[in-house]
Amino acid sequence: MSIAIDTGGTFTDVVFYDEHKRVFRSAKVSSNPDNPEIPFIEGLNKVLERAHRSLAARNDLIHGTTIVTNALLEGKTAKVGLLVTQGFRDLLEIGRQHRPDLYDFTVDRKSPLVSRDCVREVKERITSEKKILQSLDMDDAENQIRALKKNNIEVLAIALLFSFLNPEHEKKLAKLAQKIFPKKYIFCSSQVSPEFREYERTSTTAISAAIAPRVVNYLQALEKNLKKEQSNRVILQIMHSGGGTLSPDEAERYPHTLIESGPAAGLIGASHLAKRLNLKKVLAFDMGGTTAKAGMILKGKLQFSQEYEVGGEFHHAGRQRGSGYPIRTPMIDIVECGAGAGSIAWVDRGGHLKVGPQSAGADPGPACYGKGGKNPTVTDVHLILGRISADAFLGGELPLYPRHSKEAIMQNICKPLKMPLKKAAWGILSVANANMLRILRLISVARGHDPRDFILMAYGGAGPLHATELAEKMSIRHVIIPPMAGLFSTLGLLFADTSKDFVKTAMLPLTQRASLNRILFRLIKQAYAWFEKNSIPLKKRKISIYGDLRYPHQNYELNLPIPGKIISKENIQTIQHRFHDLHARTYGYSAPQEKIQVVNLRLRAAKLNPKPIWPKHYYSKDTSDRGQFKTRHVFFEGKELECQIYERSHLPAGIKIMGPAIIQEKESTVLVGLRWSFKVDEMGNINLRSSA
């Protein structure tokens, strides 16, 4: 059996899957940001009780977490010391020329994760040809390390010039530093991000070091609590941002790979469902309690990026906007913003209505939870507008209090803006939707795609409530709400393979096959060593090779799959054709007469894990069986309408109903807009179609 646990900012979701009986069981508990291991164990025990099982049997336990994202967003990171090559102390301060707004000269740059007083230079120099120009001065290096320790440094990061070509000096520094710092709190750039571009490599290493104590302490607490549950046969795997899983030991060595751990799982689930439904172009939209996420799926395949920005206005891939910290690691292409069901509505000093990025979180949560929250949130708005039920939220496990929502909105929004309650609530909803439209446009229009050609797949606890309104703004006419929508990211964890990424900078023309193949052979050797270390059977092994390619003298690369395990005469033409085509689709032009340069070669080694079987939805021949059980007044576009309320579990396959309507299930609620109809397919997906 397999168990997936996804810890979010508001709720911790758990899904149990019995592969023999092909049944799912689920549970949802409130998160605890200070001690996330507590709801992890609580949710685990809750789902096992519902499944009438115990941890005595062998279990695969897959975990997605937001601990890294939250640490960066909240600034709860460790104090990091950084060792750099002499003359490069200001590397993080200088950074790049990127700015979040090109013409806004009043914006202050985000302060580096490592302040200047915590950066020390060491006497050494390696050239771009891998040669040692100046040997490492060990006595000076030890003095610099001890000086950092006196500055109350918790974690040490090491990023020397050209160490991705020759890591000898970094290895010597790491060994020397072990006299003073614990080995698990020493991070070398040649280990974390062994590729060129010194600023991005250094930034990635600093991020990894800054979040390491949070990750290490959390995973150790998790394993300690699991041992208390007598779970000796549990195999724990952690979801990483690249869409695979890794062991807790690997997660501790590469904590930066967990940045989009939870959201990546949702995209994994969405890609498998898109393949099953044979959908060519899908925009996946996930809205939880704290953030909203968007990703793209083309012909059932996820889109990846090698560069990302975290801790800024948005978490997103592609060229950095300059509001956060750059990171280099293979990641699913996701855009994320601070707009969730728990996002707080507020009025700024200029009298403008804002929503987020601050969130009410799990404690105290939205005002309607009755836990002492005084700030109005998106959840409070949906309750006031009649879109969610006060007595059916989470299947009735969490009663909601409309009077608290009304008080919070009246006090914080209506009074300062001199606005009636429903108008204020509608305004909050409109602002929240505007924030989420930005990430949908970033993942589609900004990537050169027309959203009108796509289907929107919406999930998460709040995603189905906003789906049709967002789709209308994007001119999307077809929306899919998958089964278990409120737990869909957790469900996606069960579809992930175990994987490990390897990279080596090449900086060679594509035509230099012999040199490129020597690099590939070394990467393949590393992959097979990883397979053997993890005892992965031959039939479950998979190797995928990619290249970061560009025309000579360009500053940015395009990542492209490379067929086979070597670069042969036969596949060079295929690679060239695919690169020119990708360049034209990305930038609007190509230059077939130009040579192609291979900047980096990448390899992903994967263990293919068994996948759950999507359950079939029941079909009723009785056309009167429509799942309707009552009506309710719901606010739509400035007016209240009597709206049909349906229970999702009672809707048979094949049924088709015109909106407006509300479809309730335990973990989420679907809003069917005024100009929309819905139909349930044989898998239980709700297909919403616009008549506008």
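This section reports on the structure supplied with the text.

Here is what the cut-offs are and how they apply
- Residues numbered from 1 in each chain as written.
- Predicted model: local features only at pLDDT ≥ 70, side-chain atom pairs only at ≥ 80, totals over all residues.
- Heavy atoms only, no water.
- Buried < 20%, exposed > 50% of the residue type's maximum accessible area, 1.4 Å probe, protein only.
- Helix = DSSP H or I, 4+ residues; strand = E, 2+ residues; numbered from the N terminus.
- 1 Å grid on protein atoms, 1.4 Å probe; cavity = no way out; pocket = protein on both sides within 12 Å on 5 of 7 lines; lining within 4 Å.
- Points joined across faces, edges and corners; volume = space filled by probe spheres on them.
- Nonpolar A, V, L, I, M, F, W, Y, C, P; charged D, E, K, R; others polar.
- Pairing = 2+ DSSP bridges.
- Axes fitted to C-alpha atoms, helices over the stretch in contact; angles between N-to-C directions.
- Contact = heavy atoms within 4.5 Å.
- Core = buried A, V, L, I, M, F, W, Y, C linked by side-chain atoms within 4.5 Å.
- Patch = residues over 30% accessible without salt bridge, like charges linked within 9 Å, V, L, I, M, F, W, Y side chains within 5 Å.
- Areas by Shrake-Rupley, 256 points an atom, 1.4 Å probe, with all protein chains shown as cover.
- Salt bridge = Lys/Arg side-chain N within 4 Å of Asp/Glu carboxyl O.
- Lys, Arg positive; Asp, Glu negative; His and termini not counted.
- Charge placed at Lys NZ, Arg CZ, Asp CG, Glu CD.
- Phe/Tyr/Trp six-rings, centres within 6.5 Å; stacked < 30°, edge-to-face > 60°.
- Right-handed = clockwise from strand over helix to strand, strands pointing away.
- Polar contact = N/O pair within 3.5 Å; in protein donor to acceptor, adjacent residues only side chain to side chain.

In terms of burial, helix α2 (residues 67-74) is largely enclosed, as six of its eight residues are buried. Within α2 the residues assigned to the buried category are Ile67, Val68, Thr69, Asn70, Ala71 and Leu72. Glycine 75 sits one or two residues past α2 and shows a positive phi near 70 degrees.

For the rest of this paragraph, the subject is the layout of surface pockets. Empty space within the second largest pocket amounts to approximately 1,300 Å³. Among the secondary structure elements, those contributing two or more residues to the lining of the second largest pocket are α5 (168-177), β10 (186-188), α6 (189-192), α8 (248-253), β18 (325-332), β24 (497-509) and α15 (513-533). Of all the elements, β24 adds the most residues to the lining of the second largest pocket, at nine residues. Grouping the amino acids of the lining of the second largest pocket by side-chain chemistry returns 18 nonpolar, 15 polar and 16 charged.

A word on the sheet that holds β24. The sheet built from ten strands is open, its strands ordered β3-β2-β1-β4-β11-β12-β24-β27-β25-β26 with mixed pairing. Pairing within the sheet leaves two strands with one partner each, and these edge strands are β3 (23-30) and β26 (558-562). Averaged over all pairs of adjacent strands, the angle between their axes in this sheet comes to 30 degrees, without regard to strand direction. Bridge analysis of strand β11 (residues 234-239) against strand β12 (residues 244-246) gives two bridges, and the strand direction is antiparallel. The partner of isoleucine 238 across the bridge, within β12, is leucine 246. Running at roughly 145 degrees to β3, helix α1 (residues 37-51) makes contact with β1 (2-7), β2 (11-18), β3 and β4 (59-65) of the sheet.

Below, the discussion takes up the nonpolar core. One broad rule of soluble globular proteins: the nonpolar side chains tend to lie buried together. Judged by nonpolar contacts, the single largest core of 129 residues is most densely connected at Ile3 and Phe678. Top element by residues in this core is helix α12 (residues 421-443). It accounts for twelve residues. Ignoring sequence-local partners within four residues, the contact set of phenylalanine 678 consists of Tyr646, Leu651, Ile655, Lys656, Ile657, Ala661, Ile663, Val672, Ile686, Asn687 and Leu688. Among the nonpolar cores identified, the runner-up in size contains 39 residues, and Val114, Val119, Ile186 and Tyr199 belong to it.

Let us now look at a positive patch on the surface. Taken together, the side chains of Lys275, Lys280, Lys281, Lys299, Lys301, Lys542 and Arg578 make up a positively charged region of the molecular surface. Along the chain, lysine 281 falls in strand β13 (residues 281-287). On the basis of relative accessible area, lysine 281 is assigned to the partly exposed category, the value being 32%.

Inspection of every chain in the model, using the stated rule, returns nine aromatic pairs. Ring geometry for phenylalanine 162 against phenylalanine 164: centres 6.2 Å apart, planes inclined by 45 degrees, an arrangement best described as tilted. Judged by relative accessible area, phenylalanine 164 falls into the buried class, the value being 10%. Here tyrosine 459 and phenylalanine 488 contribute two aromatic rings whose centre-to-centre distance is 4.8 Å and whose plane-to-plane angle is 50 degrees, an arrangement assigned as tilted. With tyrosine 459 in strand β22 (residues 455-459) and phenylalanine 488 in helix α14 (residues 488-493), the pair connects residues that are 29 residues apart, well separated along the chain. Both residues of the pair, tyrosine 459 and phenylalanine 488, belong to the buried class.

Regular strands place side chains that alternate from one sheet face to the opposite one. Most of β22 sits out of view: five of its five residues are buried. Here β13 runs beside β22; their pairing, made up of five bridges, is parallel. Within the sheet, the bridge partner assigned to phenylalanine 285 lies in β22 and is alanine 458. Where β22 meets strand β23 (residues 478-481), two bridges bridge the pair, whose relative direction is parallel. Along β23, the bridge assignment pairs methionine 457 with isoleucine 480. Between the parallel pair β22 and β23, the chain is carried across by helix α13 (residues 463-473), and the sense of this crossover is right-handed.

Another point: the side chain of threonine 85. Structurally, threonine 85 can be placed in strand β5 (residues 80-85). Side chain to side chain, threonine 85 and glutamate 124 meet in a polar contact 2.4 Å long. Beyond its immediate chain neighbours, meaning those up to four positions away, threonine 85 contacts Glu121, Val122, Glu124, Arg125, Ala159, Leu160 and Leu161.

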